[in-house]
Amino acid sequence: MKHLGKKNSRVQSFIFRTAMALELLVALIVIAALIVMFARIPVDLKVLVESGEFNQFLKKMFDLIIGIELLKMLCRHDLDSIVEVLLFSVAREMIIEHMPIYLELVGIVAISILFLVRKYLFVPALDKVEDET
């Protein structure tokens with residue numbers, strides 16, 4: 001019986017290491033994409049000045065910010081970073097897309113709920129327990 005337990009432990013360890021390696025690969029791909037997006041900023045600013053497309057510039061900046069937050073979420077593995085990514089995503093949709101007023105209200109309610117979750121339901125001790133396992 002002990003031999004079977006050690007074998008399961010090795011398999012679980014292998015799966016965990018593989019998952020961590022895949023996460024690292026995804027993080028490196030996100031970093032590469034962010035670098036490409038940063039390189040395009042001067043070109044985008046030139047287009048912004050020439051055409052007056054400020055909304056397009058904001059859309060690209062929000063995509064960049066969400067990408068950075070996503071990268072932080074992949075690296076930190078905590079509940080707070082997930083809420084931050086959701087907050088930025090909802091805020092981006094509200095600011096960039098010109099939605100009807102009732103959808104704006106839904107966005108405001110969603111952000112309010114996310115802030116309430118962050119303030120009252122977020123328990124930092126849960127993240128520490130997850131990190132230790």
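Everything quoted here is computed from the prediction, not taken from an experiment.

Rules used throughout
- Residues numbered from 1 in each chain as written.
- Predicted model: local features only at pLDDT ≥ 70, side-chain atom pairs only at ≥ 80, totals over all residues.
- Heavy atoms only, no water.
- Patch = residues over 30% accessible without salt bridge, like charges linked within 9 Å, V, L, I, M, F, W, Y side chains within 5 Å.
- Areas by Shrake-Rupley, 256 points an atom, 1.4 Å probe, with all protein chains shown as cover.
- Salt bridge = Lys/Arg side-chain N within 4 Å of Asp/Glu carboxyl O.
- Helix = DSSP H or I, 4+ residues; strand = E, 2+ residues; numbered from the N terminus.
- pLDDT = per-residue confidence, 0-100.
- Axes fitted to C-alpha atoms, helices over the stretch in contact; angles between N-to-C directions.
- Parallel < 35°, antiparallel > 145°, perpendicular 65-115°, else oblique.
- Left-handed = near helix turned anticlockwise from the far one by under 90°.
- Contact = heavy atoms within 4.5 Å.
- Nonpolar A, V, L, I, M, F, W, Y, C, P; charged D, E, K, R; others polar.
- Expected span 1.5 Å × (residues − 1).
- Buried < 20%, exposed > 50% of the residue type's maximum accessible area, 1.4 Å probe, protein only.

Engineer: Would you mind going over a nonpolar patch on the surface with me for this structure?
Structural biologist: On the surface, L24, L28, I31 and I35 cluster together to form a nonpolar patch covering roughly 380 Å² of accessible area. Within the element layout of this structure, I35 appears in helix α1 (residues 2-51).

Engineer: Which parts of the structure should I look at to understand the confidence of the model for the protein chain?
Structural biologist: Caution applies to low-pLDDT regions: their predicted coordinates should not be interpreted in detail. Of all residues in the protein chain, 87% attain a pLDDT of 70 or more, and the chain-wide mean is 78. Across the protein chain, the element-wise mean pLDDT spans from 53 in helix α5 (residues 124-132) up to 89 in helix α4 (residues 101-121).

Engineer: Can you help me understand the packing of helix α3 (residues 79-96) against α4 in this one?
Structural biologist: Pairs of packed helices are described in terms of their axes, by the angle between the two and the distance that separates them. Between α3 and α4, the least distance of the axes is 10 Å, while the angle of their chain directions is 165 degrees. Considered as vectors, α3 and α4 are oriented roughly antiparallel to each other. Crossing angle aside, the handedness with which α3 passes α4 is left-handed. Contacts from D80, V83, E84, L86, L87, V90, A91 and M94 of α3 reach α4 at E104, G107, I108, A110, I111, L114, F115 and R118. In terms of residue class, the contact of α3 with α4 is built from 11 nonpolar, one polar and four charged.

Engineer: When you look at the packing of helix α2 (residues 54-76) against α3 in this model, what are you seeing that I'm missing?
Structural biologist: Close contact between α2 and α3 brings their axes to 9 Å; oriented N to C, the two are set at 170 degrees. As the angle between them shows, α2 and α3 are arranged roughly antiparallel. Contact residues: N55, L58, K59, F62, D63, I65, I66, E69, L70, K72, M73 and R76 in α2; S81, I82, E84, V85, F88, S89, R92, I95 and I96 in α3. Here the contact of α2 with α3 is composed, by residue class, of 11 nonpolar, three polar and seven charged.

Engineer: Could you clarify how one ought to interpret the environment of M37 in this entry?
Structural biologist: Topologically, M37 is positioned in helix α1. Put simply, M37 and K60 are 23 residues apart on the chain and 8.2 Å apart in space, counted from C-alpha to C-alpha. Beyond its immediate chain neighbours, meaning those up to four positions away, M37 contacts K60, D63 and L64.

Engineer: Would you mind going over α2 with me for this structure?
Structural biologist: For an α-helix, the turn length of 3.6 residues means that residues three or four places apart are oriented alike. With 23 residues, α2 should cover 33 Å at 1.5 Å per step; its first-to-last C-alpha distance of 33 Å lies within 8% of that length. Within the span of α2, buried status applies to F57, F62, L64, I66, G67, E69, L71 and L74. H77 sits one or two positions beyond α2 and adopts a positive phi of about 60 degrees.

Engineer: Teacher, can you tell me more about the pattern of salt bridges here?
Structural biologist: When their charged atoms lie close together, side chains carrying opposite charge are able to pair. Under the counting rule described, the total for this entry stands at four salt bridges. With a closest N to O distance of 4.0 Å, K59 and E97 form a salt bridge. Taken together, the residues K59 in helix α2 and E97 in the loop between α3 and α4 connect sequence positions 38 residues apart. Using a relative accessible area of 25% as the deciding quantity, one classes K59 as partly exposed. By relative accessible area, which is 29% here, E97 ends up partly exposed.

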